[in-house]
There are 2 protein chains.
Amino acid sequence: MKKFKVTFYPDKKSVEVDEEKTILSAAISAGVHIDSVCGGDGVCGRCKVIVRRGEVSTQPSGLITNEERKKNIYLACITTIHGDLEIEIPASSRAHFEVPSGVLNKGLEEVYAPSEEIEPLSVAVDEEIFSHSPLATKLYLEIPPPELDDKVSDLDRLYRAIKSKKNFPLLQTGLTNIRGLSELLRRSNWKVTVTLGKRNDATELVLIEPQDTSAKNFGLAIDIGTTTVSVQLVDLISDRIIGTRLTYNKQASFGSDVISRIIHAQKDNGLEELHLAVTECLNQIIEELISEHNIDLNDVTCVLCAGNTTMIHLLLRIDPSYIRRQPYVPTANLPPTIRASEAGIRINPRGLLSCVPGVASYVGGDAVAGVLSCGLYKEEDLGILIDIGTNGEIVLGNKEFLVACAASAGPAFEGSGVSSGMRATSGAIQSVKIDPKTLRASFNTIGNVKPSGICGSGYIDLLAEMLRSGVMDKSGKINAGNSSRIRKGASGLEFIVVPKEEAGEDILITEADIDNLKRAKAAIYSATSVLVKYINFDFLRVSKIFIAGGFGNFLNLENAIFIGLLPDIEREKLIFVGNSSLAGGRLMLLSSAAMKRAREIARKITYFELSVEPRYMEEYMAALFFPHTDFKLFPSVKAG
Amino acid sequence: MKKFKVTFYPDKKSVEVDEEKTILSAAISAGVHIDSVCGGDGVCGRCKVIVRRGEVSTQPSGLITNEERKKNIYLACITTIHGDLEIEIPASSRAHFEVPSGVLNKGLEEVYAPSEEIEPLSVAVDEEIFSHSPLATKLYLEIPPPELDDKVSDLDRLYRAIKSKKNFPLLQTGLTNIRGLSELLRRSNWKVTVTLGKRNDATELVLIEPQDTSAKNFGLAIDIGTTTVSVQLVDLISDRIIGTRLTYNKQASFGSDVISRIIHAQKDNGLEELHLAVTECLNQIIEELISEHNIDLNDVTCVLCAGNTTMIHLLLRIDPSYIRRQPYVPTANLPPTIRASEAGIRINPRGLLSCVPGVASYVGGDAVAGVLSCGLYKEEDLGILIDIGTNGEIVLGNKEFLVACAASAGPAFEGSGVSSGMRATSGAIQSVKIDPKTLRASFNTIGNVKPSGICGSGYIDLLAEMLRSGVMDKSGKINAGNSSRIRKGASGLEFIVVPKEEAGEDILITEADIDNLKRAKAAIYSATSVLVKYINFDFLRVSKIFIAGGFGNFLNLENAIFIGLLPDIEREKLIFVGNSSLAGGRLMLLSSAAMKRAREIARKITYFELSVEPRYMEEYMAALFFPHTDFKLFPSVKAG
């Protein structure tokens, strides 16, 4: 197959591509943006380009006028390359929606972690649910051309070739693929690669490409948290994780929790702003990931997205209002599989997006993905999954039943809303020790670089060490003492963890920060406790507690118990599983069985509404202490 | 539910519609055109309108800029009506493609037949395949609203309500319907009508409308012939035919047979021209039909289209080139069900279009539909279906096997390409007698009005009577005689059927016309004969011959045999079935079982290529005589 050079203006970016590729596809490969809202179906007419020089072929389209045709204007998505080209992209064909300025909170800098630092920790994975069957599969086909005694139509011929490799159920495709099919098959000498996607119980012929591109097929597992979004790039052939990036959710400028986001969505243009804010950060880290690993965006064919119910509504631009209106019903818990481009996510324009099914307004697909990845749904004995996030979720159960509740913890453990907080990425202090005599903190950072701030696991250590060293009392007040490390700030006392001489600027914790962290840990602990009591059980009889969240690489469980975030049970029962939502999404990206299992889990989980439970507020108030007002609940802490 | 008045400018057309309807839907009801290529998915951005006055609500869309928002510009497809409105349609949102001038051949006037004149004649219909299950079904639902102890999501609630009425398999819907769902359900007080469509083995939730509109659901059966297109409007609730219209296929200006159309399609912009030519005539008669019967275009939810393989390719804008290149393979015989708007057919913008599956390049869905409607596929004994059209098709077989061939007859029997030819519509001479003494013709016309021309059945009678009266000899030459009815014209002798004193202008037949008709009848007869011989059979042993075509209300079988169009067999074996392609399409529109059966028939038919059969040319040459050079084949004619 011939290769041609395509140069885009005014970007002056060039790319070498195979003959027969579309101009849109070449632009994506070159990292040049051209508007396209219909997913390359040739119906939106947004991707008009001017062919300045070179040979192309195109499909007829009612969206190009005769005048435009004379000016060599073509639709990039249905025009294929047959020579070296110079393409001009008019301003009108640029992706013309920018996130409104000011959305990006200045405090939320884009610091990315090298991918290996935030791999989800390994969790026990059921072999049964992990059979290789990704959301989108590529198949290379060498199709016998028609002959006088074998005159099956081109489409049936293609289907027959696909079925001879594997019997995909309910094979279907759209008119766009069919319109160019005969030409493509003949020009590529009957050697093509098809991408087959699972779409709402049918198999869609998503893409047909000339020649063998089957060695390159990538997918994305995405976790959209209220505060943090994570994207993991996965090789769909080897099932290998290639890289992971995370960033703050830019929606944070519109409010730190889901309720304030829902309120903003009801404002004029608010839903659109929130939708654009999240897709912008996703597209940004997707592009960084693929360029870091030298992958062509066209080879990213599918996305599996987990998130709480509000996040998924906003991603899909579905009005979330009814989530917070009695009786708190979302529009959809199981949205259909769509083209990623319909949700504004930039991968191959025809690539698919599937979301993890949710349970209820405040227990979303992130919890379902967590249950799937930690295996809670198949345990004999009772276990708990505590997903510590801004909108935390707790699931309790075993293979017989599952019950879940939400705990609004706020973003403190994700390093947001606290003075020196940061995400668990390069430069974040992830563990801390305080010398009781000098009150100097020793610490280590992710990536072993100069500290830039403190992430969730660092805060847990810091609180525990401040308690142990007497810097802070059990109510969370800093003891004014005779140390240069403690000083009076604008809003009360503050403790300097790393002075500016070492870090560039002071890394510190204030009493207001401690209060934020205390309320977060109290919300998590009390929700878990009420849920356990709701089924008339006892923490001590729970066989396993899976702790999930974006803390960093590890969590000092001893310290998490010491501050009263986790219940005081045998340490071997506590298992830190990292971002279990992302891990569950990845399982679903790679396996049909996992996808089916996730739907079963979503149906099985019973939602328990904490706010209608009178005990909850009592429990919460009692937990606003380190570790708890009822010391009997933390015998090992008391002993220590 | 409240009703509001919506007025469109510059058309100044008003319509009264229910609250919650979209502006696009109101425009369709008002008969005002607004561009929409995505089927109301809100992705193409073509349907921008200015709301001059009145209250609307809309979904956020990246296709409306902030400037446009300030100017009250909205997308008509996702903006709903909440008060009396004045809407301005900018020129840019007008369907901006007109059929190129000159496409409409001046000879092909638009004369429409009153619908009752061209009902397909009744054919034996299998009860088994005619169970009421139309392509699109409406269901009225009163949905229990969510409560604290029933918090299923809105989408699942809707699905549950649908399934409680009937278990539709694989229920799915698109994001567009989901985005507006929660608002719509609540505003309509949980009373909605859903339209469910069969789409590629799944059930698609096509439309959700407020309140009970289930009493109004209409579909179209369409037959696209090379020369004539027919549209039948069907009530999908009562299964009643409301009306039928036919017109000439405007593609005729680009060539009278499929080969010349395919050649034109390969020219620059040719495919688009052909596509527009056929959709223009379809849209024109669709609009006339619905306005004649006071039906709202929004209530037309589906289309079932039959046609030969080339016609279906051109309708779907699929390049037909490979149909005429060795080894003559079409791109698709079974195109997927799509939105009618994707093919440019104007019904409800989200309505569906399904095509009758075809067999091969020259045996299309029209033949399959014909076999379905006449029941050939379930006969014990051997039967034949002869579909006499420009691209005629002959199918021979029974419940064991079916074999088909194509016979390129030209458009003469459809009244095209002959001096005084016209379609079988009002004013067409449909039967003729000639007084052997005076050579004056007595005749009757469709609608009993003044004659305008001669249709197929008229020509068959005319040829037979010219033979009987000695006006013409058996080779087709007019006998110059001593009659004012016979005169010398520009290209040989001509016979005046109705002089201009009676008809306004002379209605006549020339030797060139006779030659055209003779070649047409020879093509049909010889193809049938070769097919019968191919399976080593004999006409006399055939149990039934179904004759289909757009001749008019009736066909004088005796005369058809007399001129050698049909074989000379027992008259009771000959059954005239009218437009069997349209009738089969209607069956499929109304019944799932018929649709399934059509696919089986398409798979079962073996295509027989006449052009590779050496006997064919011999047979054809022998048939260029009235009735035939071999008189032994027509014993009853000889006797007569």
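Residues numbered from 1 in each chain as written. Chains lettered and ligands numbered in written order. Predicted model: local features only at pLDDT ≥ 70, side-chain atom pairs only at ≥ 80, totals over all residues.

1. Let's talk about the overall build of chain A
Keep this limit in mind: For the purposes of this entry, the term helix denotes a DSSP run of H or I that reaches at least four residues, the term strand denotes a run of E that reaches at least two, and both are numbered from the N terminus. Computation of the radius of gyration draws on C-alpha atoms, with the globule rule given as 2.2 Å multiplied by the number of residues to the power 0.38. Partly exposed residues are those whose C-beta has more than 12 but fewer than 20 other C-beta atoms within 10 Å; 20 or more makes a residue buried and 12 or fewer makes it exposed, with C-beta atoms placed from the backbone. Residues are scored as being in contact if the C-beta atoms we place from backbone atoms lie within 7 Å.
Helix and strand content of chain A: 17 helices and 29 strands. Radius of gyration (C-alpha) of chain A: 27 Å, near the 26 Å computed for a compact globule of 640 residues. Its C-alpha atoms give chain A principal-axis dimensions of roughly 90 × 55 × 45 Å. Taken across its 640 residues, chain A has 57% of its residues classed as buried. Contacts spanning at least 24 positions in sequence make up 69% of the contacts within chain A whose residues lie at least 6 apart.

2. A word on the relation of the copies chain B and chain A
Rules: The copies are overlaid by a least-squares fit using only the C-alpha atoms of residues whose pLDDT is at least 70 in both copies.
For the match of chain B to chain A, the screw axis carries a shift of 0.0 Å, the RMSD comes to 0.1 Å, and the turn is 180°. Taken together, the rotation and translation describe the operation of a two-fold axis. For chain B, the minimum C-alpha distance to the rotation axis belongs to Cys44 of chain B and amounts to 1.9 Å. A symmetric contact is evident, with 98% of the interface residues of chain B recurring at the interface of chain A.

3. Notes on the domain arrangement of chain A
Residue and element names in this part refer to chain A. The following threshold applies: Each domain's extent was defined by an automatic or database domain assignment. Gly is placed with the polar residues, together with every amino acid not listed as nonpolar (Ala, Val, Leu, Ile, Met, Phe, Trp, Tyr, Cys and Pro) or charged (Asp, Glu, Lys and Arg).
As assigned here, chain A comprises domain 1 (3–93), domain 2 (136–210), domain 3 (244–355), domain 4 (365–411 + 517–639) and domain 5 (421–508). Computed over C-alpha atoms only, the centres of domain 1 and domain 3 are separated by 28 Å. Taken together, the contact between domain 1 and domain 3 spans 9 residues of the former and 8 residues of the latter. Taken together, the residues of the side of domain 1 that touches domain 3 break down into 4 nonpolar, 5 polar and no charged.

4. What to know about the pairing of strand β10 (residues 191–199) of chain B
All names here are of chain B. Definition in use: Only strands joined by at least two bridges in the DSSP assignment are considered to pair.
The buried fraction of β10 is high, at 8 of 9 residues. The pairing of strand β8 (residues 136–142) with β10 spans 7 bridges and is antiparallel. Pairing of Tyr140 across the sheet is with Thr193, part of β10. With 8 bridges connecting them, β10 and strand β11 (residues 202–210) associate as antiparallel partners. Paired with Val194 across the bridge in β11 is Ile208. Between β10 and β11, which pair antiparallel one after the other, the connecting turn spans 2 residues, and Asn200 there sits at a positive phi close to 50°.

5. Section: the sheet that holds strand β1 (residues 3–9) of chain A
Strand pairing in a sheet relies on backbone hydrogen bonds. The paired strands run either parallel or antiparallel. All names here are of chain A. For clarity, the cut-off: To obtain each axis, a line is fitted to C-alpha atoms, and for helices this fit is confined to the stretch in contact; angles are then taken between N-to-C directions over 0 to 180 degrees.
In spatial order, the strands read β2-β1-β7-β3-β5; together these 5 strands make up an open sheet with mixed pairing. The strands lining the two open edges of the sheet, one partner per strand, are β2 (13–18) and β5 (73–75). The mean angle between the axes of side-by-side strands here comes to 35°, regardless of whether they run parallel or antiparallel. When β1 meets β2, the two strands line up antiparallel, connected through 6 bridges. Residue Thr7 lies in a different strand from β2, and its bridge partner there is Ser14. Each of β1, β2, β3 (48–53), β5 and β7 (85–88) touches helix α1 (residues 23–30); the most contacted strand, β2, lies at about 125° to it.

6. Overview of unusual backbone geometry
Leaving glycine aside, a negative phi is the common case for residues, and trans is the common case for peptide bonds. Residue Pro627 of chain A is reached from Phe626 of chain A by a cis peptide bond, and omega for that bond is -5°. At the junction of Tyr9 of chain B and Pro10 of chain B, the peptide bond is cis and its omega measures out at 5° in the coordinates. With respect to the secondary-structure elements, Pro10 of chain B resides in the loop between β1 (3–9) and β2 (13–18). With a phi close to 55°, Asn294 of chain A is a non-glycine residue in the positive phi region. As for its placement among the helices and strands, Asn294 of chain A is situated in the loop between α7 (270–292) and β15 (300–307).

7. Some remarks on the packing of helix α12 (residues 511–534) of chain A against helix α16 (residues 614–622) of chain A
The geometry of a pair of packed helices is captured by two quantities: the angle between their axes and the separation between those axes. Residues and elements named next belong to chain A. To keep things clear, this is the line we draw: An angle counts as roughly parallel when it lies under 35 degrees, as roughly antiparallel when it exceeds 145, as roughly perpendicular when it falls between 65 and 115, and as oblique in every other case. Crossing chirality is assigned from the near helix's rotation relative to the far helix, an anticlockwise turn below a right angle marking it left-handed and a clockwise turn marking it right-handed.
Put simply, α12 and α16 touch, their axes get as near as 9 Å, and they point 135° apart. The angle between α12 and α16 places the two elements in the oblique class. Judged by the sense of rotation from one axis to the other, the crossing of α12 with α16 is right-handed. Facing α12, whose interface residues are Ala522, Ala523, Ser526, Ser529, Val530 and Lys533, α16 presents Arg615, Tyr616, Glu619 and Tyr620.

8. A few points about the nonpolar core
How we decide: To form a nonpolar core, buried Ala, Val, Leu, Ile, Met, Phe, Trp, Tyr and Cys residues must be joined through C-beta atoms within 7 Å.
Grouped together as the largest cluster of nonpolar side chains are 389 residues, with contacts concentrated most on Val371, Val497 and Ile547 of chain A together with Val371, Ile394, Val497 and Ile547 of chain B. Setting aside anything within four residues of it in sequence, one finds Ile547 of chain A in contact with Ile386, Ile388, Leu555, Leu566, Leu574, Ile575, Phe576 and Val577 of chain A. Judged by nonpolar contacts, the second largest core, of 6 residues, contains Cys38 and Cys44 of chain A together with Cys38 and Val43 of chain B.

9. Overview of the confidence of the model for chain A
For the record, the criterion: pLDDT measures the predictor's confidence residue by residue and takes values from 0 up to 100.
Residue-level pLDDT values for chain A average 89, and 93% of them are 70 or greater. Confidence metrics for the complex model read pTM 0.85 and ipTM 0.85.

10. Observations regarding the interface of chain B and chain A
Of the residues lining the interface, 50 residues belong to chain B; the matching set on chain A comes to 49 residues. Only α3 (154–165), α4 (175–179), α5 (181–187) and α7 (270–292) of chain B provide two or more residues apiece to the side of chain B that touches chain A. Classifying every residue of the side of chain B that touches chain A gives 28 nonpolar, 11 polar and 11 charged.

11. Observations regarding the sheet that holds strand β12 (residues 218–224) of chain A
Residue and element names in this part refer to chain A. Reading across the sheet, the 6 strands line up as β14-β13-β12-β15-β17-β16 and stay open at both edges, with mixed pairing between neighbours. The open sheet has two edge strands with one neighbour each: β14 (241–248) and β16 (338–339). Bridge count between strand β13 (residues 228–235) and β14: 7 bridges; the pairing is antiparallel. By the bridge assignment for β14, Ser230 is matched with Leu246. Sheet strands in contact with α7 are β12, β13, β14 and β15, and its direction is about 35° off that of β13. Across the sheet, helix α9 (residues 365–374) lies against β12, β15 and β17 (352–355), angled at about 100° from β15, the strand it touches most.

12. Quick notes on the packing of α9 of chain A against helix α14 (residues 580–590) of chain A
All names here are of chain A. Running from N to C, α9 and α14 point in directions that differ by 75°, and their axes come no closer than 7 Å. Considering their axes alone, α9 and α14 lie roughly perpendicular with respect to each other. Residue-level inspection shows Asp366, Ala369, Gly370, Leu372, Ser373 and Cys374 of α9 in contact with α14, the latter providing Ser580, Ser581, Ala583, Gly584, Gly585 and Leu587. Looking at the contact of α9 with α14, its residues break down into 5 nonpolar, 6 polar and 1 charged.

13. So, the environment of His82 of chain B
All names here are of chain B. Assignment of secondary structure puts His82 in the loop between β6 (79–81) and β7 (85–88). We classify His82 as partly exposed; it has 15 C-beta atoms within 10 Å. Remark: the alpha-carbon pair of His82 and Val51, spanning 31 residues in sequence, is separated by 12 Å. Once residues within four sequence positions are removed from consideration, His82 is found in contact with Glu19, Glu55, Val56 and Ser57.

14. Some details on the environment of Gly585 of chain B
Residues and elements named next belong to chain B. Inspection of the secondary structure puts Gly585 in helix α14 (residues 580–590). On the basis of neighbour count, Gly585 is assigned to the buried category, with 38 C-beta atoms found within 10 Å. Through-space distance from the C-alpha of Gly585 to that of Ile222 is 6.9 Å; in sequence the pair is 363 residues apart.

15. Things to note about the environment of Tyr9 of chain B
Residue and element names in this part refer to chain B. Structurally, the position occupied by Tyr9 is in strand β1. Tyr9 sits in the partly exposed class, given 14 other C-beta atoms within 10 Å. C-alpha of Tyr9 to C-alpha of Ile50: the two residues are 41 residues apart in sequence and 9.7 Å apart in space. Other than its neighbours up to four places away in sequence, Tyr9 contacts Glu86, Ile87 and Glu88.

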